[in-house]
Amino acid sequence: MLSPPQPPADVASMPRAALRQWLTDLGQPPFRADQLFHWLHVAQARDWAQMTDLPAALRATLATVASFPQLSVQVDRKSALDGSRKLALATCHGQSIETVLMAMEAGVTQCLSSQVGCKMGCDFCATARIATRANLTAGEIVEQVAIACRLAVEAGRGRGGVAGGQTGMLAGRPRNLVFMGMGEPLDNLDAVIAALDILCDPKGYAFSPRRVTVSTVGLARWVPKLAAAHPGVNLAWSLTATRDEVRDRLMPVNKGVPIAKMVDALRALPANPHRKITFEYALLHGHNDTGDDARSLGRMALEVGAHINAIPFNAWYGTDYRRPPRAVITQFVRDVQATGATISLRESKGQDIGAACGQLAGERAT
Ligand code: SF4
């Protein structure tokens, strides 16, 4: 009986060690893995024919047994307010995701999606309203960064800069990466770990783990696995409420993983002087912005050794949630600081281009 045909192997999702093993199984010497990895992630070849230092016979074989699914740019919006750029990207299955390039003082921070839609169901989040749900592959996560690099090279050309050659392609890469786009990264952890392997590989994108932050809604059971695989990567917890009865309502995941469980998971992490822990706190007027909320947040941050990022809510069409008035925000920050905790106030970037998580992809999906 004939065995069913195998789907092509997704080589763009393979960290270098996995690629080496896969090519060895094809009868290739180990150094071919470094060559193919370079073509995929540094030179960013998008056709087997471009990989000119691979033997023609191997390229012909790869064309039949391997693939590297790509994303295509559907929408590209630039903010007139702060220079941020938001992209809606289509997967090869026609599903829409988004990535945001935020112009910061120290360079560009890219916000990455890890899933199509998100099943965590946070009540204030536009992504949670998107009906389509799927995991992204590691290659699709990495491809978001590749697209950012290509756009930077194109912009450089437009300004008369140097064209992106094989290694120049990464010259304009984002400075920092945050997994805070669509999806819950720890709900797609194997793909996220493989993507981090590729992004932090010195022979790939060579991001320092210190410049990468993975955010979670609080899936405590997966925190040790992420920290074991990438101990230097920063962790952000989307906390947003310090009392379970409030958090249960805002973030239903809290009913299964209450606040104390995630605090325990963070406190149990092996010490690492390079890893930063932050609490992300979306300020929602009338829900979590009182003085008591601020003091409780400050005490929790001190207990875990976390820095607080407070983000006044970026309202989107169809939500009743609102950002607090300026005076309330200012008082909230003061009340946190009075506990001794450190807090930064992060205004949402790209407020004129639908930068709330899931807004743009939601428009494409509906
Ligand atoms: S806030 Fe994050 S975890 Fe919650 S539904 Fe939105 S994307 Fe998912």
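Keep in mind that what you see is a predicted model, and the values were worked out from it rather than measured.

Q: Before we go on, may I ask you to explain the overall build of the chain in this structure?
A: Looking only at helices and strands, the chain features eleven helices and 14 strands. The C-alpha radius of gyration of the chain comes to 21 Å, within 12% of the 21 Å expected for a compact globule of 366 residues. Projecting the C-alpha coordinates of the chain onto the three principal axes gives extents of approximately 70 × 45 × 40 Å. Taken over 366 residues, the chain has a buried fraction of 45%. Within the chain, residue pairs in contact and separated by at least 24 positions form 67% of the contacts whose partners lie at least 6 positions apart.

Q: Looking at this model, I keep getting lost on the sheet that holds strand β4 (residues 85-90). Mind explaining?
A: Sheet strands associate in pairs through backbone hydrogen bonding, adopting either a parallel or an antiparallel arrangement. The strand order β3-β4-β5-β6-β9-β10-β11-β12-β13-β14 describes an open sheet built from ten strands, whose pairing is mixed. Where the open sheet ends on each side, the last strands, each with one partner, are β3 (72-78) and β14 (343-345). The sheet shows a mean angle of 20 degrees between the axes of neighbouring strands, taken without regard to direction. Pairing geometry for strand β13 (residues 307-312) and β14, over three bridges, is parallel. Within the sheet, the bridge partner assigned to N309 lies in β14 and is S344. Here helix α5 (residues 189-200) sits on the sheet and contacts β9 (176-179) and β10 (212-216); the angle it forms with β10, its principal contact strand, is near 170 degrees. Set on the sheet, helix α10 (residues 326-337) makes contact with β12 (277-283), β13 and β14; between it and β14 the angle comes to about 165 degrees.

Q: Please explain the environment of H38 as it appears in this structure.
A: Along the polypeptide, H38 turns up in helix α2 (residues 31-41). Residues H38 and K203, spaced 165 residues apart in sequence, show a C-alpha to C-alpha distance of 7.1 Å. Residue contacts for H38: discarding those within four places in its chain leaves A43 and K203.

Q: Just checking my understanding: could you explain unusual backbone geometry for this structure?
A: The bulk of non-glycine residues show a negative phi, and the bulk of peptide bonds are trans. Even without glycine at this site, A206 takes up a positive phi of about 60 degrees. Checked against the element boundaries, A206 lands in the loop between α5 and β10. Take A206: there are 13 C-beta atoms within 10 Å of it, and that puts it in the partly exposed class. Positioned with a positive phi, T240 is a non-glycine residue whose angle comes to about 70 degrees.

Q: Honestly, the site of the ligand in this entry has me stumped. Any pointers?
A: Every one of the 13 residues lining the ligand counts as a neighbour, but C118, M120, C122, C125 and A128 are closest to it. The residue makeup of the shell around the ligand, split by class, is eight nonpolar, four polar and one charged.

Q: Whenever I open this one, the pairing of strand β5 (residues 96-104) confuses me. Can you help?
A: Remark: a regular strand shows side chains that alternate across the two faces of the sheet. Taken across its nine residues, β5 has seven buried, putting it largely inside the fold. Note that β4 and β5 share six bridges and pair antiparallel. Counted as the bridge partner of L87 is T99 from β5. Sheet topology places β5 next to strand β6 (residues 107-111); five bridges connect them, and they run antiparallel.

Q: Sorry, what's going on with the nonpolar core here?
A: Side chains of a nonpolar character, in soluble globular proteins, are inclined to be buried together. Counting 94 residues, the largest nonpolar core has V142, A195, L199 and I308 as its most contacted members. Element by element, the count of residues in this core is highest for helix α4 (residues 138-158), at ten residues. For this core, the two domains that each supply at least three residues are domain 1 (9-67) and domain 2 (72-365).

Q: Looking at this structure, I do not really get the domain arrangement of the chain. What am I missing?
A: Accessible area lost upon the coming together of the parts serves often as the stated size of an interface. Under the domain assignment, the chain is made up of domain 1 (9-67) and domain 2 (72-365). Distance from the C-alpha centre of domain 1 to the C-alpha centre of domain 2: 32 Å. Counting residues at the interface gives twelve residues for domain 1, matched by 18 residues for domain 2. With four residues, α2 is the largest single contributor of residues to the side of domain 1 that touches domain 2.

Q: Would you take a moment to explain α5 for this structure?
A: Given 3.6 residues to a turn, an α-helix orients residues that are three or four positions apart in the same direction. Taking 1.5 Å of rise per residue, twelve residues should cover 16 Å, and α5 covers 16 Å from first to last C-alpha, within 8% of that figure. Burial of α5 is extensive: nine of the twelve residues sit out of reach of the surface. Turning to α5, its buried residues number three or more, namely L189, A191, V192, A194, A195, L196, I198, L199 and C200.

Q: Mind showing me how you'd approach the pairing of β6 here?
A: Most of β6 sits inside the fold, with four of its five residues counted as buried. Once β5 ends, the chain turns through two residues before running back antiparallel as β6. Examined bridge by bridge, β6 and β9 share three bridges and lie parallel to one another. Looking across to β9, one finds that C111 is bridged to V178.

Q: What should I look at first to understand the packing of helix α9 (residues 291-304) against α10 in this one?
A: Contact pair α9 / α10: the axes reach a minimum separation of 8 Å and the direction vectors enclose 40 degrees. Taken together, the axes of α9 and α10 are oblique relative to one another. You can see that α9 and α10 cross each other, and the crossing is right-handed. Across the interface between the two elements, G291, A294, R295, L297 and G298 from α9 touch F332, D335 and V336 from α10.

Q: Teacher, can you tell me more about the packing of helix α8 (residues 259-267) against α9 here?
A: Interaxial distance between α8 and α9 falls to 10 Å at its minimum, and their mutual angle equals 30 degrees. Put simply, α8 runs roughly parallel to α9. Every residue of α9 that contacts α8 at V263, L266 and R267 is listed here: M300, E303 and V304. Split by residue class, the contact of α8 with α9 holds four nonpolar, no polar and two charged.

Basis of the calculations
Residues numbered from 1 in each chain as written. Predicted model: local features only at pLDDT ≥ 70, side-chain atom pairs only at ≥ 80, totals over all residues. Helix = DSSP H or I, 4+ residues; strand = E, 2+ residues; numbered from the N terminus. Rg over C-alpha atoms; globule rule 2.2 N^0.38 Å. Buried ≥ 20, exposed ≤ 12 C-beta atoms within 10 Å, placed from the backbone. Contact = placed C-beta atoms within 7 Å. Pairing = 2+ DSSP bridges. Axes fitted to C-alpha atoms, helices over the stretch in contact; angles between N-to-C directions. Near = placed C-beta within 6 Å. Nonpolar A, V, L, I, M, F, W, Y, C, P; charged D, E, K, R; others polar. Core = buried A, V, L, I, M, F, W, Y, C linked by C-beta atoms within 7 Å. Domains from an automatic or database assignment. Expected span 1.5 Å × (residues − 1). Parallel < 35°, antiparallel > 145°, perpendicular 65-115°, else oblique. Left-handed = near helix turned anticlockwise from the far one by under 90°.

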